[in-house]
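# Architecture and fold: a report
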Amino acid sequence: QQIHEMLKKGYTYVRVEEQQGHTGKLQGNYQLPFDVVPKNFKPPEWPKPEQPATFLLLRNGIVAYAVINGFAYEMNSGNHLSGNGWVYQ
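As the structure is a prediction and not an experimental result, all values here were calculated from the model. Counting of residues starts from 1 at the beginning of each chain's written sequence and follows it residue by residue. Local features in this predicted model are restricted to residues whose pLDDT is 70 or higher, and side-chain atom pairs enter the listing and the counts only when it is 80 or higher, whereas totals over whole chains, interfaces and linings include all residues. In computing side-chain properties, one takes all heavy atoms of the structure into account and sets aside hydrogens as well as water.

Secondary structure assignment for the protein chain yields 1 helix and 7 strands. Ordering the α and β elements of the protein chain from the N terminus gives α-β-β-β-β-β-β-β. Categorising residues by exposure relies on relative accessible area from a 1.4 Å probe, with only protein chains included: less than 20% of the type maximum marks a residue as buried, more than 50% marks it as exposed, and the intermediate range marks it as partly exposed. Among the 89 residues that make up the protein chain, the fraction classed as buried is 27%. Considering only intrachain contacts with a sequence separation of at least 6, the fraction spanning at least 24 residues in the protein chain is 56%. Segments assigned H or I by DSSP are reported as helices when at least four residues long, segments assigned E as strands when at least two residues long, and all are numbered from the N terminus. Contact between two residues is taken to exist if any of their heavy atoms lie within 4.5 Å; hydrogens are not considered.

Time to look at the pairing of strand β4 (residues 55-59). Whether two strands pair depends on DSSP finding at least two bridges between them. Where β4 and strand β5 (residues 62-68) come together, 5 bridges link them in antiparallel fashion. Opposite Phe55, over in β5, you have Val67 as the bridge partner.

Moving on, we come to the nonpolar core. Soluble globular proteins tend to bury their nonpolar side chains together. Nonpolar cores are built from buried Ala, Val, Leu, Ile, Met, Phe, Trp, Tyr and Cys residues. Side-chain atoms within 4.5 Å join them into one set. In this structure, Leu7, Phe34, Val63, Ala66, Ile68, Tyr73 and Met75 together form the largest nonpolar core, which totals 7 residues. A per-element tally of this core places β5 first, with 3 residues.

Let's shift gears to the sheet that holds strand β6 (residues 71-74). The strand order across the open sheet formed by 3 strands is β4-β5-β6, and the pairing between neighbours is antiparallel. Edge positions in the sheet fall to β4 and β6, since each of these pairs with one other strand and no more. Sheet twist, expressed as the average angle between the axes of neighbouring strands with direction ignored, equals 25°. The angle between two axes is taken between their N-to-C directions and runs from 0 to 180 degrees, where each axis is a line fitted to C-alpha atoms and a helix contributes only its stretch in contact.

Here we take up the packing of aromatic side chains. Only centres within 6.5 Å qualify two rings of Phe, Tyr or Trp (six-membered ring in Trp) as a pair; their planes then separate them into stacked at under 30 degrees, edge-to-face at over 60, and tilted for everything else. Inspection of the entire model under this criterion finds 1 aromatic pair. The interplanar angle of 45° and the centroid separation of 5.4 Å between the aromatic rings of Tyr13 and Phe41 together place this pair among those described as tilted. Within this pair, whereas Tyr13 is found in strand β1 (residues 13-16), its partner Phe41 is found in the loop between β3 (35-38) and β4, the two being separated by 28 residues in sequence. Assessed through its relative accessible area of 21%, Tyr13 is described here as partly exposed.

For Thr54, the location among the structural elements is in the loop between β3 and β4. Counting of polar contacts relies on pairs of N or O atoms within 3.5 Å, with two restrictions inside protein: one atom must be capable of donating a hydrogen and the other of accepting it, and residues adjacent in sequence are counted only when both atoms are side-chain atoms. A polar atom in the side chain of Thr54 sits 2.8 Å from the side chain of Asp35. A polar contact of 3.2 Å, which involves the side chain of Thr54, links it to the backbone nitrogen of Asn69. Once you skip the residues sitting within four places of it in the chain, Thr54 turns out to touch Thr12, Tyr13, Asp35, Val67, Ile68 and Asn69.

The backbone of Asn60 sits at a positive phi, close to 55°, despite the residue not being glycine. Mapping Asn60 onto the fold places it in the loop between β4 and β5. Among the residues examined, Asn60 registers a relative accessible area of 77% and is labelled exposed.

Below you can see the structure in the form of C-alpha cells.
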C-alpha cells in the first residue's frame, strides 16, 4: 500500500549515499518498483532506445501509470506492486 502511494506521488527513484567503510557495491535488480541511484544521479529527461525506461504517465495532472524499467503499473487498479527495480552505480 505504501509503495502504491509513493508511486502515485511521483517517486520512481530512491537516492542513497555511499556508507563510509562499506566495501560492497549494490547492483542488479531487486523486488521493489523503484530504482536505487547514487546521490549524484540525474535521471534522463526522455526514455532512450535500449536503455531502462523509468517515467510517469499523467492523466489530468495525476499519475495514471508509473513505468519502471519498462514495466507499467496502473495506479487505479489497486493491484499489489512489486519487482523490477534496478540499482545503478
